[in-house]
Amino acid sequence: MEKEKIGLYIHIPFCKKICNYCDFPKRVSSIENQEKYIKALIKELDCVIPLLNNYSIKSIYIGGGTPSSVPNYLLRSLLSSIAQKLVLDEVDEFSIEANPEDIDEEFVKTIIENKINRLSIGVQSFNSNVQKIINRKSDYLDLKNKFNLLHQHNFTNINLDYMYNILDLNNEELIKDLDLFISLNPTHISAYSLILEEKTVLHNLFLKNQYNLLDPDKEADSYYLIQNHLEKNGYIQYEISNFCQKNHESIHNIIYWSNERYLGIGLSGSSYLENYRFSNSSTLSEYLNYVELLDDITSVESLIDKTSYKENIDSKEEVEYQIITNLRMTKGIDLKNFSKRFGYEFISYNPTSIKWLVDNSYCTLTNDEFYINKNYLYLSNQIINKILDK
């Protein structure tokens, strides 16, 4: 019997500094704490290997935080442990996140020697005014040199994160910034609108009336401008916020958007296996204590008994997750896969709303797919809610 294919997410929460918009589990920490954490991460991986042996690993993603911010000897220790425990030749995609300033000869050699084949670089913007607001500093010429270094080592599968809706840039300023990203010729660009999250520096400034959100109409205009400009320059949109050159979609993220299964390890690592969603603690001391008491995990049931959060997903929620995640992608819902997975036709889920959305050109229904039309992707939340509101 063929093993189910899943994704493996590994979280490294450390950063050299905290960005003003970020609400991911992260921290600036001492080398001593980083050493303790990587040691715990390796132990957790050891303990879940018996469970992972029940699956086929399609992709591995090391995210953060900023994984590239840890000292190279710690990164090597983690990567060599992964290589020893997993059959990396069977993994389709192995990604790691990095900040531009961390990319040097040593880092590049480390990731290549350990079979990482995709790099995601957090840039966000080259506009100096935007950089001041979000507490980041990415230098275009420096990053261009980093790209040259990567290309010298035949490493070309690179994503750049781009963020908009931070300042009220005019169209010319926005395109000028985006063109710098395009000129580096990354294989993938993720274009995210700023979401003002609680407990971030920007949110605190907003509460003090020292920072203002942009008008929603302006945000929509920026979205469509970015969408059209990237496609005009050879980037294919395959998800609401993601664009790539041909055949360079993010395999790991497609696992999430296809509502497929994954295991997350590390601080706050989230998982979805069998019919359970569960996660590790987001508090470092609790996570370290959890790992210290951890032993070999052979089943999902034995793992969820130990995690800090667990949720049993019933069939109704499973269908809702399928609709929500699939409709983020431009290809939408695979109708044959939907009926095979749930035992009934998608159209029967909410025929009135689905018909209305098709008749009013918000969505397209074919014999094989149901998807949101590209010029309405920005309204995906409202469209999805209309389908779910039965």
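Each remark here, short or long, concerns the structure printed above.
Read on for a plain summary of the structure. Nothing here was measured: the structure is a model prediction, and the numbers come from that model.

Conventions adopted
Here the residue index of a chain counts from 1 through its sequence in written order. For a predicted model such as this one, the threshold for reporting local features is a pLDDT of at least 70, and the threshold for listing and counting side-chain atom pairs is 80 or more; totals across whole chains, interfaces and linings nevertheless cover every residue. Here the side-chain values reflect all heavy atoms present in the structure, with hydrogen atoms and water set aside. The numbering of helices and of strands both runs from the N terminus, where a helix is a DSSP run of H or I of at least 4 residues and a strand a run of E of at least 2. We take the radius of gyration over the C-alpha atoms and set the globule estimate at 2.2 Å times the residue count to the 0.38 power. The rule is simple: take the accessible area with a 1.4 Å probe, protein chains only, and divide by the maximum for that residue type; under 20% is buried, over 50% is exposed, in between is partly exposed. By definition in these notes, contact holds between two residues if any of their heavy atoms fall within 4.5 Å. For the area figures, the Shrake-Rupley method with a 1.4 Å probe applies, and any residue is considered shielded solely by the protein chains shown. Positive: Lys, Arg. Negative: Asp, Glu. His and the chain ends are not part of the count. The atoms used to mark charge sites are NZ of Lys, CZ of Arg, CG of Asp and CD of Glu. What the arc describes is the spread of directions from the helix axis to the C-beta atoms. Note on geometry: axes are lines fitted to C-alpha atoms, helical ones only across the stretch in contact, with angles between N-to-C directions running from 0 to 180 degrees. For classification purposes, an angle smaller than 35 degrees is called roughly parallel, one larger than 145 roughly antiparallel, one from 65 to 115 roughly perpendicular, and anything else oblique. A clockwise turn of the near helix away from the far one marks a right-handed crossing, whereas an anticlockwise turn of less than a right angle marks a left-handed crossing. In this classification, Asp, Glu, Lys and Arg are treated as charged, Ala, Val, Leu, Ile, Met, Phe, Trp, Tyr, Cys and Pro as nonpolar, and every other residue, Gly included, as polar. One speaks of a salt bridge when a side-chain nitrogen belonging to Lys or Arg is within 4 Å of a carboxyl oxygen belonging to Asp or Glu. Residues belong to a common nonpolar core when they are buried Ala, Val, Leu, Ile, Met, Phe, Trp, Tyr or Cys residues joined through side-chain atoms within 4.5 Å. Pairs of strands are assigned from DSSP output, requiring at least two bridges between the strands. Planes of paired rings set the category: under 30 degrees apart is stacked, over 60 is edge-to-face and the rest tilted, where pairs are Phe, Tyr or Trp rings (Trp by its six-membered ring) whose centres lie within 6.5 Å.

1. Some details on the overall build of the chain
Okay, step 1: On a plain count of helices and strands, the chain comes out with 15 helices and 15 strands.
Okay, step 2: Rg of the C-alpha trace for the chain: 21 Å, near the compact-globule value of 21 Å for 390 residues, within the 12% margin.
Okay, step 3: Each of the three principal axes of the chain carries a C-alpha extent, and together these read 60 × 50 × 45 Å.
Okay, step 4: The 390 residues of the chain split such that 53% are buried.
Okay, step 5: Within the chain, residue pairs in contact and separated by at least 24 positions form 71% of the contacts whose partners lie at least 6 positions apart.
Okay, step 6: Put simply, the chain shows about 18400 Å² of open surface, and 47% of that area lies on carbon and sulfur atoms.
Okay, step 7: Between the centroid of the 40 positive side chains of the chain and the centroid of its 54 negative side chains there is a distance of 2 Å.

2. Observations concerning helix α13 (residues 335–342)
Okay, step 1: Restricting attention to buried positions, one finds in α13 the residues L335, F338, S339 and F342. In an axial view of α13, the angular spread of the buried residues amounts to 90°, which keeps them on one side of the axis. Those residues of α13 that are exposed and angled more than 90 degrees off the buried face are K336 and K340.
Okay, step 2: Contact partners of the buried residues in α13: α12 (315–326), β13 (333–334), β14 (363–365) and β15 (369–372).
Okay, step 3: G343 sits one or two positions beyond α13 and adopts a positive phi of about 85°.

3. Some details on helix α3 (residues 105–113)
Okay, step 1: Looking at α3, one finds that the buried residues are F107, V108, T110 and I111. Viewed along the axis of α3, the buried residues span an arc of 160°, placing them on a single side of the element.
Okay, step 2: Lining the buried residues of α3 we find α2 (72–85), β3 (93–98), β4 (118–124) and α5 (140–152).
Okay, step 3: K115 sits one or two positions beyond α3 and adopts a positive phi of about 65°.

4. Considering the packing of α12 against helix α15 (residues 380–388)
Okay, step 1: The geometry of α12 relative to α15 is characterised by a closest axis approach of 10 Å and an angle of 155° between their N-to-C directions. The angle between α12 and α15 falls in the class roughly antiparallel. Where α12 crosses over α15, the handedness of that crossing is right-handed. Here α12 contributes E320, I323 and I324 to the contact with α15, which in turn contributes I384, I387 and L388.
Okay, step 2: The class makeup of the residues in the contact of α12 with α15 is 5 nonpolar, no polar and 1 charged.

5. Overview of the pattern of salt bridges
Okay, step 1: One pass over the full model with this rule turns up 17 salt bridges.
Okay, step 2: D89 is the partner of K115 in a salt bridge, and the nearest nitrogen-oxygen pair spans 2.8 Å. Taken together, the residues K115 in the loop between α3 and β4 and D89 in the loop between α2 and β3 connect sequence positions 26 residues apart.
Okay, step 3: Residues joined in a network through salt bridges with shared partners are R261, E318 and R341.

6. As for the environment of N253
Okay, step 1: One can find N253 in helix α9 (residues 251–257).
Okay, step 2: You can call N253 buried: its relative accessible area is 18%.

7. Looking at the nonpolar core
Okay, step 1: Membership of the largest hydrophobic core comes to 97 residues, with the highest contact counts inside it found for L52, I60 and I82.
Okay, step 2: Broken down by element, the residue count for this core peaks at 11 residues, all from helix α1 (residues 31–52).
Okay, step 3: Among residues more than four places away in sequence, those in contact with I60 are L8, I10, I82, L86, L88, V91, E93, F94, S95 and H252.
Okay, step 4: Core analysis: the second largest hydrophobic core is formed by 6 residues, I134, M163, L169 and L194 among them.

8. Quick notes on unusual backbone geometry
Okay, step 1: Cis geometry marks the peptide bond from G64 to G65; its omega dihedral reads 20°.
Okay, step 2: Looking at the secondary structure, you find G65 in the loop between β2 (56–64) and α2.
Okay, step 3: Despite not being glycine, Q124 has its phi angle at roughly 80°, a positive value.
Okay, step 4: Looking at where Q124 falls in the secondary structure, it is placed in strand β4.

9. So, the environment of P67
Okay, step 1: When you line up the elements, P67 lands in the loop between β2 and α2.
Okay, step 2: Accessibility expressed as a relative area gives 0% for P67, which makes it buried.
Okay, step 3: In sequence terms P67 and E97 are 30 residues apart; their C-alpha atoms lie 6.0 Å from each other.
Okay, step 4: Among residues more than four places away in sequence, those in contact with P67 are I12, I62, L75, I96 and E97.

10. Side note on the sheet that holds β13
Okay, step 1: Strand order across the open sheet formed by 3 strands is β13-β15-β14, with antiparallel pairing between neighbours. Lying at the two open borders of the sheet, with one neighbouring strand each, are β13 and β14.

11. So, the side chain of H188
Okay, step 1: Mapped onto the secondary structure, H188 falls in strand β6 (residues 188–193).
Okay, step 2: On the basis of relative accessible area, H188 is assigned to the buried category, the value being 0%.
Okay, step 3: Setting aside chain neighbours within four positions, we find H188 in contact with R118, I158, N159, L160, Y235, Y238, N242, F243, C244, H248, E249 and S250.

12. Some details on the packing of aromatic side chains
Okay, step 1: All told, the structure shown has 19 aromatic pairs when counted by the stated rule.
Okay, step 2: With centroids separated by 5.7 Å and ring planes inclined at 85°, the aromatic side chains of F338 and Y344 adopt a geometry described as edge-to-face.
Okay, step 3: For Y344, a relative accessible area of 29% puts it in the partly exposed group.
Okay, step 4: Ring geometry for F346 against F370: centres 5.0 Å apart, planes inclined by 45°, an arrangement best described as tilted. A residue pair is termed long-range when its members are at least 10 positions apart, and F346 in the loop between α13 and α14 (351–359) and F370 in strand β15 qualify at 24 residues.
Okay, step 5: On the accessibility criterion, F346 (1% relative accessible area) is buried.
Okay, step 6: You can call F370 buried: its relative accessible area is 0%.
Okay, step 7: Here the aromatic cluster, defined as three or more aromatic residues joined through ring pairs, consists of F338, F342, Y344, F346 and F370.

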